[in-house]
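Here's the letter readout for the chains.
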Amino acid sequence: MYDIILPVRFFLRRRITILAVLAVALCVFTVVVVMTVMNGLVADFTDKNHAFFSDCIVSTDSLVGFGLYDEFISRLEKCDFVVSASPVINTFGLVESESSGKNAALDLMGIDIARHIKTTDFADTLYYRRDLPSLAFEPLYDINLGGCIVGVDLLVERQKSGQYRQLSYLPMWSYLITCFPLTPKGALAKTGTQLSANSATFYYSDNSNSGLAKIDSTVVYIPFDSLQSLCGMDIGAKRTSAIFVKFKDGFNINVCTDKVSLLWQDFISQKSDFMLAYLFGTVRVEDWKTYRRETIAPMEKEQTMMILLFALVGLITVFIIFVIFYMIISRKSRDIGILKSLGVSKSGIVRVFLRLAFLVGICGAVVGILSALVFLANINRLEGWLFDKFGFQMWNREIYAINEIPNEIKPILLAVVAACAVAACLLGALLPTLGAAGRKCVDVLKVNQL
Amino acid sequence: MKDRDNPLGDGLRHYILSCKDICKSYQMGATRLEVLKGVNFGVARGEFVAVRGASGSGKSTLLHILGALDTPDKGEVFFEGKNLADFSGRKINEFRNKKIGFVFQFYHLLDELTVLENVLLAKMAGGSALGWLACSDSAKSLACQLLGELGLSQRVSHRPFELSGGERQRVAIARALMNQPDIILADEPTGNLDSATGNGILNIFEKLHSAGQTVVMVSHDEKIADRAQRVIRLADGRISAA
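On a predicted model such as this, the values are computed, not experimentally measured, just so you know. (Residues numbered from 1 in each chain as written. Chains lettered and ligands numbered in written order. Predicted model: local features only at pLDDT ≥ 70, side-chain atom pairs only at ≥ 80, totals over all residues.)

1. Observations concerning the overall build of chain A
When you go through chain A residue by residue, the secondary structure sums to 15 helices and 13 strands. The C-alpha radius of gyration computed for chain A amounts to 32 Å, which surpasses the reference 22 Å derived for 450 residues by more than 25%, pointing to a less compact arrangement than a globule. If one aligns the C-alpha atoms of chain A with their principal axes, the spans along those axes are about 105 × 55 × 40 Å. Looking at the 450 residues of chain A, the share that counts as buried comes to 39%. The contacts of chain A with a sequence gap of at least 6 include a subset with a gap of at least 24, amounting to 83%. (Helix = DSSP H or I, 4+ residues; strand = E, 2+ residues; numbered from the N terminus. Rg over C-alpha atoms; globule rule 2.2 N^0.38 Å. Buried ≥ 20, exposed ≤ 12 C-beta atoms within 10 Å, placed from the backbone. Contact = placed C-beta atoms within 7 Å.)

Encoded structure:
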């Protein structure tokens, strides 16, 4: 019974144990807050990528593209695991504002809006036509004009609070888009000895806020057929750069991607006599994560680095607890001597101090987690207050594509952090406890008599 | 057959606690200090023995060795004829808990516990939590009875630092008596008290002795030692007179 009463009494009646609890709580608080925010940021980023790029992408890096996409899409849509597929052209072009005369080289994305909104969450990124996304290329002011959707960061001012200053009306802005068409062989198309360039005017019909900063600040979306014609991807045979594929819910993306890959291999083997069959060689079939690995991998690497850094925080906690318990046990050596003189065994002494460590760990974890929950629940309010009062912002919303700091708490994270905190306390207390339990009680009692 | 368990001879078989040729030395810097140089000594059941000697003569060391708080470099300690060196770790703990009651000069009470809990600690240390639940009521009433007999019934819920030196020593005596041990080993029990309070503590030991309790007390003070039934003088690491 002494091994239950004594840890509780040592815990309640020693100020140093409060310091130990605070040290653990601080570490737990830091880990929970930073992990929640960083995990939220990574999850948000990957979710946005998934929503934008669908489940599986059949694509080529070549600007020439590949043909027979319509036929392959028909085959895909006959598969029981496919919801829909959408052809997409990725290319570059010069975009000139006809009102200001300013121009810039931008990424152009040709999409079949009806198919694209079924295949991706593109509809959710729109502002004016969110309710009627299939009409997104029809400007509200004149539905007969050819419309274009512009990445939100190209046109709309973003406030420091993170909100976009969207206009309540759709302004009638027009853009001259110029592309340099390529032949199916990849050469620049020429008219006589002159390089040919195709231009067309498109009217601002909507803006797209995908939440992916690089896309929202560089991409202009125009109808698939228009871009195909502008960049010469209708010369010889109609071509596309990519096919986005959406799988039905409940189907494993990796398994379905492998099936699409097999289907593609089967398709191109049947089409070996197609005149542009040589373009099939550059086509890859990938799941969305592999397709976007260049952007997702660094973030995931950062996340791994962060976990390693927090493992160091864990080690620091162990060391802090070790030092605190070393101090506690140094001050308690007389008590250890007394207990041993009363016949308490070595394991009994170890139990007393490990239970004390357990109490410190549990209380530290509870205090740390509760304060982290309170902090996270108010993190956006707090950041807003700091911004209003001092102009300080953790992530500049003019730069980072987040509206709010992620603060969704995962119970599993809390459980793991709490378990680690308790384990760290037990580990930190183990060595000094074993050392103390192994000492002769007469030595301890003598030392305390001097 | 040679009596291996009773090396002091058949005539001393009645000793409850005895030691033979006890030697103990400490390393003090570069020199080795020999504190005990072959001590032979025995205590009969019901005896009140005082071990007297100057400071540093090895009285406390001898007491610690007798109570299994320390081990001798050489020699043997016997309890009821059994060599303590043959005891397992568990049995040594049991010996300290059940057979011996220690009273120290500096009381050695736990500040985090109340007076009652300090006394009960001796009982708690000897059993499991479940065992404690089974006997806690009787243990509490025994502890209260002991504290009452020692004049501390009003102090049960106080903590040690709220008590005077004499009161603390009485709590320590109550704790030592809690398991009804065979022997009380008292190391300078009045060394930290004024003469009046010390006298009160000695009265308690005398009372315990007259009730049949075996007591071994260490003291450097001749007057205090003379209150015992038998006085052993320790000088230069040896028993000089008994």
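Read on for the rest.
2. Some words on the overall build of chain B
Regarding its fold elements, chain B presents seven helices and 10 strands. Its C-alpha atoms give chain B a radius of gyration of 18 Å, within 12% of the compact-globule value 18 Å for 242 residues. Along the three orthogonal principal directions, the C-alpha set of chain B runs to about 50 × 40 × 40 Å. Split into buried and exposed, the 242 residues of chain B put 46% on the buried side.

3. What about the interface of chain A and chain B?
Counting residues at the interface gives 21 residues for chain A and 24 residues for chain B. Counting only elements with at least two residues in the side of chain A that touches chain B, the list comes to α1 (2–13), α11 (333–341) and α15 (441–449) of chain A. Among the elements that make up the side of chain A that touches chain B, the one with the highest residue count is α1 of chain A (six residues).

4. Things to note about the packing of helix α10 (residues 293–331) of chain A against helix α14 (residues 411–437) of chain A
For any two helices packed against each other, the geometry is given by the interaxial angle and the distance between the axes. All names here are of chain A. Two numbers describe how α10 lies on α14: the axes approach to 8 Å, and their chain directions differ by 40 degrees. Here α14 runs oblique to α10, going by the angle between their axes. Like other packed secondary-structure pairs, α10 and α14 cross with a definite hand, here right-handed. Here α10 contributes G314, T317, V318, I321, F322, F325, Y326 and I329 to the contact with α14, which in turn contributes C420, A421, A424, C425, L427, G428, A429, L431, P432, T433 and A436. Its residues placed into classes, the contact of α10 with α14 shows 15 nonpolar, four polar and no charged. (Axes fitted to C-alpha atoms, helices over the stretch in contact; angles between N-to-C directions. Parallel < 35°, antiparallel > 145°, perpendicular 65-115°, else oblique. Left-handed = near helix turned anticlockwise from the far one by under 90°. Nonpolar A, V, L, I, M, F, W, Y, C, P; charged D, E, K, R; others polar.)

5. Overview of the nonpolar core
Grouped together as the largest cluster of nonpolar side chains are 120 residues, with contacts concentrated most on V24 and V28 of chain A together with V119, A174 and V216 of chain B. It is helix α12 (residues 346–377) of chain A that provides the largest number of residues to this core, a total of 13 residues. Ignoring any residue separated from it by four or fewer positions in sequence, one finds V24 of chain A in contact with T317, I321, V360, G361, G364, A365, G368, A421 and C425 of chain A. Counting 60 residues, the second largest nonpolar core, distinct from the first, contains V150, C231, F244 and V285 of chain A. (Core = buried A, V, L, I, M, F, W, Y, C linked by C-beta atoms within 7 Å.)

6. Considerations on helix α2 (residues 89–99) of chain B
Within the sequence span of α2 of chain B, burial applies to N93, R96 and N97 of chain B. End-on view of α2 of chain B: buried residues confined to an arc of 90 degrees, all on one side of the axis. Where α2 of chain B is buried, its residues meet α11 of chain A together with β6 (100–103) and α3 (115–125) of chain B. (Arc of directions from axis to C-beta.)

7. Some thoughts on α3 of chain B
Burial analysis of α3 of chain B places 10 of its 11 residues in the buried class, the great majority of the element. All of the buried residues in α3 of chain B are V115, E117, N118, V119, L120, L121, A122, K123, M124 and A125 of chain B.

8. Considerations on the sheet that holds strand β2 (residues 31–44) of chain B
All names here are of chain B. The strand order across the open sheet built from four strands is β2-β1-β4-β5, with neighbouring strands paired in antiparallel fashion. In this open sheet, the two edge strands, each paired with only one partner strand, are β2 and β5 (82–83). As paired strands, strand β4 (residues 74–79) and β5 are joined by two bridges and run antiparallel to one another. Note that in β5 the partner of F79 across the bridge is K82. (Pairing = 2+ DSSP bridges.)

9. Overview of unusual backbone geometry
Residue and element names in this part refer to chain B. You will see that A68, though not glycine, has its phi angle at about 60 degrees, which is positive. Within the secondary structure, A68 is located in the loop between α1 (59–66) and β4. In the Ramachandran plot, E80 falls in the positive-phi region, its phi being about 50 degrees despite a non-glycine side chain. Looking at the secondary structure, you find E80 in the loop between β4 and β5. Accessibility expressed as a C-beta count within 10 Å gives 12 for E80, which makes it exposed.

10. Examining the packing of helix α2 (residues 15–53) of chain A against α14 of chain A
Residue and element names in this part refer to chain A. Running from N to C, α2 and α14 point in directions that differ by 150 degrees, and their axes come no closer than 10 Å. Classified by the angle their axes make, α2 and α14 are roughly antiparallel. Read as a crossing pair, α2 and α14 show a hand that is right-handed. For the pair α2 and α14, the contacting residues are V24, C27, V28, V31, V32, M35 and T36 in the first and L413, L414, V417, A421 and C425 in the second.

11. Remarks on the pairing of strand β10 (residues 219–223) of chain A
Residues and elements named next belong to chain A. Most of β10 sits inside the fold, with four of its five residues counted as buried. Bridge count for strand β4 (residues 103–111) against β10 is five bridges, and the pairing is parallel. Its bridge partner lying in β10, G110 is registered against I222. Summarising the sheet, strand β5 (residues 147–151) and β10 pair through two bridges and their orientation is antiparallel. Across the sheet, I149 pairs through a bridge with Y221, a residue of β10.

12. Focus: the environment of A237 of chain A
Residue and element names in this part refer to chain A. With respect to the secondary-structure elements, A237 resides in the loop between α7 (224–230) and β11 (239–240). We classify A237 as partly exposed; it has 16 C-beta atoms within 10 Å. Separated by 37 residues in the primary sequence, A237 and F274 place their C-alpha atoms 9.8 Å from one another. With residues up to four places along the chain from it excluded, the contact list for A237 reads G67, M275 and L276.

13. Notes on the domain arrangement of chain A
Domain assignment breaks chain A into domain 1 (2–46 + 296–449) and domain 2 (61–282). With centres defined by C-alpha atoms, the gap from domain 1 of chain A to domain 2 of chain A works out at 51 Å. (Domains from an automatic or database assignment.)

14. Details of the environment of F53 of chain A
All names here are of chain A. Mapped onto the fold, F53 is located in helix α2. Put simply, F53 and R292 are 239 residues apart on the chain and 8.6 Å apart in space, counted from C-alpha to C-alpha. Among all residues touching F53, those that are not within four sequence positions of it are T120, F244, W288, Y291 and R292.

15. A few points about the pairing of β5 of chain A
Residue and element names in this part refer to chain A. Counted residue by residue, β5 has five buried out of five residues, so it is predominantly covered. Bridge count for β5 against strand β9 (residues 198–208) is five bridges, and the pairing is parallel. Paired with C148 across the strands is Y204, a residue of β9.

16. Brief notes about the environment of V313 of chain A
Residue and element names in this part refer to chain A. You can see V313 is positioned in helix α10. Spatially, the C-alpha atom of V313 lies 14 Å from that of L427, the residues being 114 residues apart in sequence. Setting aside chain neighbours within four positions, we find V313 in contact with C27, T30 and V31.

17. Describing the confidence of the model for chain B
Residues at a pLDDT of 70 or more form 92% of chain B, whose mean pLDDT is 82. Scored as a whole, the predicted complex attains pTM 0.73, and scored at its interfaces, ipTM 0.85. (pLDDT = per-residue confidence, 0-100.)

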